[in-house]
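An overview of the molecular structure
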Amino acid sequence: IMQTAGPTPKGTLERSIGISGYADNGDLYPAIDGMLRTGLTEKSDIGLAYSLGTLGHLKLDFKHLIYASPDQNMFLSSGIGVDGIWSEEILGPVNKDIGLTLPLYFSFNHNEKVTPYFAQRATLGLTDLSALSQYAKAPGTQVFYLNHDWYYTGGGGIRWGEKNVRWFAELSYKLQFNRRYVNDPYINDQGNQDYFTIKGITRSGTAQVTLGLFFGR
């Protein structure tokens with residue numbers, strides 16, 4: 001997450017760097033995470049982030065303030081983002097997926113030493129969108145090799161400290177939904193052409209713990 005719902009002040013630059021450990025299918029991996037954010041207006045900012053997991057995750061997002069309490073102590077924000085996700089199947093190829101992300105951020109206690117923050121994000125993969133329209137159709141004699149992913153991520157964290165250099169700690173998760181549609185032709189035992197058909201949705205998830213530093217303006 002590495003950001004609160006409060007927008008970065010206009011014309012300033014914020015930097016975050018973290019060290020993570022995440023669990024994927026029972027295996028543990030280390031990762032390094034970094035983010036740069038700058039304020040565009042009094043109510044919006046933009047950020048670029050990269051997470052070096054097994055293969056990597058690049059994020060570009062725009063955040064806009066929806067609500068701020070009168071004392072500027074509680075914020076609710078949303079926005080839009082583009083995610084580049086690289087993953088690797090076991091004994092399989094590297095998957096490169098581009099996704100469109102809609103987030104929601106909430107944070108409070110900004111006027112105190114400790115600031116809790118939370119995020120929920122839905123990401124629709126833009127690769128192989130044809131799988132969505134073809135999935136409900138009977139395969140017939142058409143040849144399909146379609147995979148489509150979408151992701152739901154979220155979590156929470158705390159940021160603490162009084163100066164421009166502050167600590168943060170997060171616990172987050174990712175749920176991945178893969179829609180697969182395969183209709184592969186082959187010659188059966190009678191010498192006729194037949195089709196090997198697979199259609200289904202698989203689900204997987206990861207959990208991540210991140211500790212890091214936030215460098216303010």
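In this text the structure is predicted, and so the values were computed from the model without any measurement. (Residues numbered from 1 in each chain as written. Predicted model: local features only at pLDDT ≥ 70, side-chain atom pairs only at ≥ 80, totals over all residues. Heavy atoms only, no water.)

**Here's the deal with the overall build of the protein chain**
- Summing up its helical and strand segments, the protein chain has one helix and 10 strands in all.
- Going from the N terminus to the C terminus, the protein chain shows its helices and strands as β-β-β-β-β-β-β-α-β-β-β.
- Principal axes of the C-alpha set define a box for the protein chain whose edges measure 75 × 35 × 25 Å.
- In the protein chain, which comprises 217 residues, the share counted as buried stands at 37%.
- Relative to all contacts within the protein chain whose residues are 6 or more apart in sequence, the contacts with residues 24 or more apart total 58%.
- Total accessible area on the protein chain stands at roughly 12,200 Å², and carbon and sulfur atoms take up 62% of it.
- Counting 19 positive and 20 negative side-chain charges, the protein chain places the centres of these two groups 8 Å from one another. (Helix = DSSP H or I, 4+ residues; strand = E, 2+ residues; numbered from the N terminus. Buried < 20%, exposed > 50% of the residue type's maximum accessible area, 1.4 Å probe, protein only. Contact = heavy atoms within 4.5 Å. Areas by Shrake-Rupley, 256 points an atom, 1.4 Å probe, with all protein chains shown as cover. Lys, Arg positive; Asp, Glu negative; His and termini not counted. Charge placed at Lys NZ, Arg CZ, Asp CG, Glu CD.)

**What about unusual backbone geometry?**
- Positive phi is not limited to glycine here, since Asn109 has a value of about 65°.
- If you trace the backbone, Asn109 turns up in the loop between strand E6 (94–108) and strand E7 (114–125).
- Backbone geometry places Asp128, a non-glycine residue, at a positive phi of 60°.
- Relative to the assigned elements, Asp128 resides in the loop between E7 and helix H1 (130–134).

**Looking at the pairing of strand E1 (residues 13–24)**
- The pairing of E1 with strand E2 (residues 27–39) spans 12 bridges and is antiparallel. From the neighbouring strand, Asp24 faces E2, where its bridge partner is Asp27.
- Counting the residues that bridge the hairpin from E1 to E2 gives two residues, and of these Asn25 lies at a positive phi of roughly 55°. (Pairing = 2+ DSSP bridges.)

**Brief notes about the pattern of salt bridges**
- According to the stated counting rule, one finds four salt bridges in the structure shown.
- Note that Arg37 and Asp61 form a salt bridge whose closest N and O atoms lie 3.0 Å from each other. Of this pair, Arg37 sits in strand E2 while Asp61 sits in strand E4 (residues 57–68), placing them 24 residues apart in sequence. An identical accessibility class is assigned to Arg37 and Asp61; each is buried.
- Ionic pairing is found between Asp45 and Lys63, a salt bridge with its closest N-O pair at 3.4 Å. Note that Asp45 is positioned in strand E3 (residues 44–52) and Lys63 in strand E4, a separation of 18 residues in sequence.
- Three or more residues are tied together by salt bridges with common partners; here these are Arg37, Asp45, Asp61 and Lys63. (Salt bridge = Lys/Arg side-chain N within 4 Å of Asp/Glu carboxyl O.)

**What to know about the packing of aromatic side chains**
- Enumeration according to the criterion identifies four aromatic pairs in this entry.
- Ring centres of Trp150 and Phe177 lie 4.5 Å apart, and the angle between their planes is 10°; on these two criteria the pair is classed as stacked. Of this pair, Trp150 sits in strand E8 (residues 144–160) while Phe177 sits in strand E9 (residues 165–187); the two residues are 27 residues apart in sequence, bridging distant segments of the chain.
- With relative accessibility at 36%, the residue Trp150 sits in the partly exposed group.
- Using a relative accessible area of 18% as the deciding quantity, one classes Phe177 as buried. (Phe/Tyr/Trp six-rings, centres within 6.5 Å; stacked < 30°, edge-to-face > 60°.)

**Describing the environment of Phe118**
- With respect to the helices, strands and loops of the structure, Phe118 is situated in strand E7.
- Classification of Phe118 as partly exposed rests on a relative accessible area of 41%.
- Residue contacts for Phe118: discarding those within four places in its chain leaves Leu104, Tyr105, Phe106, Phe108, Gly155 and Gly156.

**Side note on the side chain of Asp97**
- Residue position: Asp97 is located in strand E6.
- Although Asp97 is buried, it makes no salt bridge; Lys174 carries the closest opposite charge, 9.6 Å away.
- At a separation of 2.9 Å, a polar atom in the side chain of Asp97 contacts the side chain of Thr127.
- Separated by 3.4 Å, the side chains of Asp97 and Tyr151 make a polar contact.
- Those residues in contact with Asp97 that lie beyond four places of it in its chain are Asp83, Gly84, Ile85, Gly125, Leu126, Thr127, Asp149 and Tyr151. (Polar contact = N/O pair within 3.5 Å; in protein donor to acceptor, adjacent residues only side chain to side chain.)

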